[in-house]
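# A look at the structure
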Amino acid sequence: MKYGFGVDLGGTTVKIAYFDETGTMLSKWEIPTVTDDGGKRILPDIAASIRQYIAQKTVEPADIIGIGIGVPGPVNGRGVVNKCVNLGWGVFNIADELSALAGFPVKAGNDANVAALGEYWKGGGKGCENMVFVTLGTGVGGGIVVEGRLLHGAHGSGAEIGHMVLNRDETEKCGCGKCGCVEQYCSATGIVRLARRAMAGTDEVSRLHRFDPLTCKDVFDCGKAGDPLALRVLEQFYAYLGEFLADVCNVVDPDVVVLGGGVSKAGQVLLDGTRPYFDQYVFHAARDARFALASLGNDAGAYGAFKLALDAFGG
């Protein structure tokens, strides 16, 4: 039996998991992400943690396939990171550097793409050849699998679907510098923005006014309780999300659309609310795409990272 590691590198913590070659997660742990001094300690800390684990488990180095890592920024097929602002990183080859530190081959990818690969392999997209994965959290990220292969793109920014423009009349800027991005309406923060705009535009009594700060969960909870204003906000959100997903599916024609991230915790109501708008906007030949909720949670990135290494070095 061969083994390997999947690393999900976040701005606050690094999640590391140990797998066997069948994709069974045998153990997992976390270490802090130390971003001081331009993030110079991050890769040495990861390598040291993996080496320590191997020493404790008395694993033979020859039985290690390699290490996969998901990074919060663009990564090309050669493992070159093109700036990770939250980590203080510039442009360098993360695969080569981590490999030199850890002593094993390394394959790197963008974190959202890698999480998509995890859901494709062992989660909501299991058994499909074509999948669109969308994370609806603080922002909107994604990953696309086409005919069994993860889409990286020429510059490592494939599937940056959260920055497609949905509203050309928007005047507020997205974090990326543009206006009217998907992320401004379909993320958790976007839903709150829609709700605050609705509240400011009416004197209508609503449960939404009870919350300060207002959260995405509050909007969904008020909607489930039948609050009219919250229901209108959610309907606006579903319309944006349905149109956005239809546009993506018109290009990809997936078997399944997998929704993850914090907003997906709303559950079936999210799928049911979005579907009619998706059906309205999607090209008829792509209408059979099914919707599913992500099932791996915070482990998706680690699964996908290991799959990167398994595909690259597993033979």
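No experiment lies behind these values; they were computed from the predicted model shown.

What follows deals with the sheet that holds strand 2 (residues 13-20). The five strands lie next to each other as 3-2-1-4-7, forming an open sheet whose pairing is mixed. A single partner strand is all that each edge strand has here, and the edge strands are strand 3 (25-32) and strand 7 (106-110). Taking the axes of each pair of neighbouring strands and ignoring which way they run, one obtains an average angle of 20 degrees across the sheet. Bridging between strand 4 (residues 64-71) and strand 7 involves five bridges; their strand directions are parallel. Its bridge partner being in strand 7, Ile69 is matched across the sheet by Ala108. Here helix 4 (residues 111-122) sits on the sheet in contact with strand 1 (3-9), strand 4 and strand 7, set at roughly 105 degrees to strand 7.

A word on the packing of aromatic side chains. Taken as a whole, this structure holds 14 aromatic pairs when the rule is applied. Both rings, one in Phe5 and one in Tyr18, keep their centres 5.1 Å apart while their planes meet at 40 degrees; by these two values the pair is tilted. Here the residue Phe5 occupies a position in strand 1, and Tyr18 occupies one in strand 2, the gap between them amounting to 13 residues. Here the aromatic rings of Phe5 and Trp29 are separated by 6.5 Å at their centres, their planes lie at 85 degrees, and the arrangement is edge-to-face. In this pair, Phe5 sits in strand 1 while Trp29 sits in strand 3, placing the two residues 24 residues apart along the sequence. Phe5 sits in the buried class, given a relative accessible area of 0%. Among the aromatic residues, those joined into a cluster by ring pairs are Tyr3, Phe5, Tyr18, Trp29 and Tyr53. The ring of Trp121 carries Lys122 above its face, with NZ or CZ at 5.0 Å from the centroid.

Let us look at the sheet that holds strand 10 (residues 149-150). The strand order across the open sheet formed by five strands is 10-9-8-11-12, and the pairing between neighbours is mixed. At either margin of the open sheet sits one strand with a lone partner, and together these are strand 10 and strand 12 (290-293). Direction of pairing for strand 8 (residues 131-136) relative to strand 9 (residues 140-146): antiparallel, over a ladder of six bridges. Its bridge partner being in strand 9, Thr135 is matched across the sheet by Gly141. Contacts from helix 8 (residues 228-252) reach strand 8, strand 9, strand 11 (256-260) and strand 12, with the element oriented near 150 degrees to strand 8.

Moving on, we come to the pattern of salt bridges. Inspection of the entire model under this criterion finds 11 salt bridges. In this structure, Lys40 and Asp37 form a salt bridge, with 4.0 Å as the shortest nitrogen-oxygen distance. The pair formed by Lys40 and Asp37 is uniform in burial state, with each residue classed as exposed. Close ionic contact of Asp221 with Lys217 constitutes a salt bridge, the shortest N to O distance being 2.7 Å. Of this pair, Asp221 and Lys217 both sit in helix 7 (residues 216-224), four residues apart, which is roughly one turn of the helix.

Along the chain, the position of Phe291 falls in strand 12. For Phe291 and Gly6, which are 285 residues apart along the polypeptide, the C-alpha to C-alpha distance reads 27 Å. Other than its neighbours up to four places away in sequence, Phe291 contacts Leu245, Val257, Leu271, Thr274, Arg275 and Phe278.

Each value, and the rule that gives it
Residues numbered from 1 in each chain as written. Predicted model: local features only at pLDDT ≥ 70, side-chain atom pairs only at ≥ 80, totals over all residues. Heavy atoms only, no water. Pairing = 2+ DSSP bridges. Helix = DSSP H or I, 4+ residues; strand = E, 2+ residues; numbered from the N terminus. Axes fitted to C-alpha atoms, helices over the stretch in contact; angles between N-to-C directions. Contact = heavy atoms within 4.5 Å. Phe/Tyr/Trp six-rings, centres within 6.5 Å; stacked < 30°, edge-to-face > 60°. Buried < 20%, exposed > 50% of the residue type's maximum accessible area, 1.4 Å probe, protein only. Lys NZ or Arg CZ within 6 Å of the ring centre and 35° of its normal. Salt bridge = Lys/Arg side-chain N within 4 Å of Asp/Glu carboxyl O.

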